[in-house]
Amino acid sequence: MKEKLMRFMYGRYGVDSFGKFTVITAIVCAFLATFTNVWIFSLLAWVLLFYTYFRIFSRNTYKRAAENQVYLIKTAKIRGFIATQKSLMKQRKTHHIYKCPTCRQKIRVPRGKGKIEIRCPKCQTTFIKRS
């Protein structure tokens, strides 16, 4: 069965980031349609699902890749912000992050060292903080 699916999908575009976004948006619209009884959400969910399947089974891979690239460019700032916040949350238990009082450069300092003198790598200003 897996080989048949692989043969069928050969030369077709498949799933990418934009496809995942359209599926999630369709699920959210379907969820809203069931609780609000607004028909436009239901219609939008169906249209998004059909469009997603059209993209998955499309043989015009250049156009689908271009669509995905446009999506990635438009959402780069949002994805970068989320990745930064995720990284900061992961480091929160082991490090403090301070800003230099003069140049506002972020400086990462390990926790649990007591009062330490921190030197900014950018402007060489020193300041004392508790780690």
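Residues numbered from 1 in each chain as written. Predicted model: local features only at pLDDT ≥ 70, side-chain atom pairs only at ≥ 80, totals over all residues. Heavy atoms only, no water.

Draft legend 1. Broad picture of helix H2 (residues 17-36). When the terminal C-alpha atoms of H2 are compared, their 28 Å separation across 20 residues agrees well with the 28 Å that a helix rising 1.5 Å per residue should span. Listed as buried for H2 are Phe 18, Gly 19, Thr 22, Ala 26, Cys 29 and Ala 33. The buried side chains of H2 occupy one side of the element, clustering within an arc of 95° when seen end-on. Exposed residues on H2 whose side chains face more than 90 degrees from its buried face are Lys 20, Ile 24, Ile 27, Phe 31, Thr 34 and Phe 35. At its buried positions, H2 is contacted by helix H3 (39-57) and helix H4 (61-74). Of the residues flanking the end of H2, it is Asn 37, one or two places downstream, whose phi is positive at about 55°. (Helix = DSSP H or I, 4+ residues; strand = E, 2+ residues; numbered from the N terminus. Expected span 1.5 Å × (residues − 1). Buried < 20%, exposed > 50% of the residue type's maximum accessible area, 1.4 Å probe, protein only. Arc of directions from axis to C-beta. Contact = heavy atoms within 4.5 Å.)

Draft legend 2. Main features of unusual backbone geometry. Non-glycine residue Arg 104 carries a positive phi angle of around 65°. Within the secondary structure layout, Arg 104 lies in the loop between strand E1 (95-99) and strand E2 (106-110). Backbone geometry at Gln 124 places phi at a positive 65°, although glycine is not the residue there. Of note, Gln 124 is situated in the loop between strand E3 (115-119) and strand E4 (126-130).

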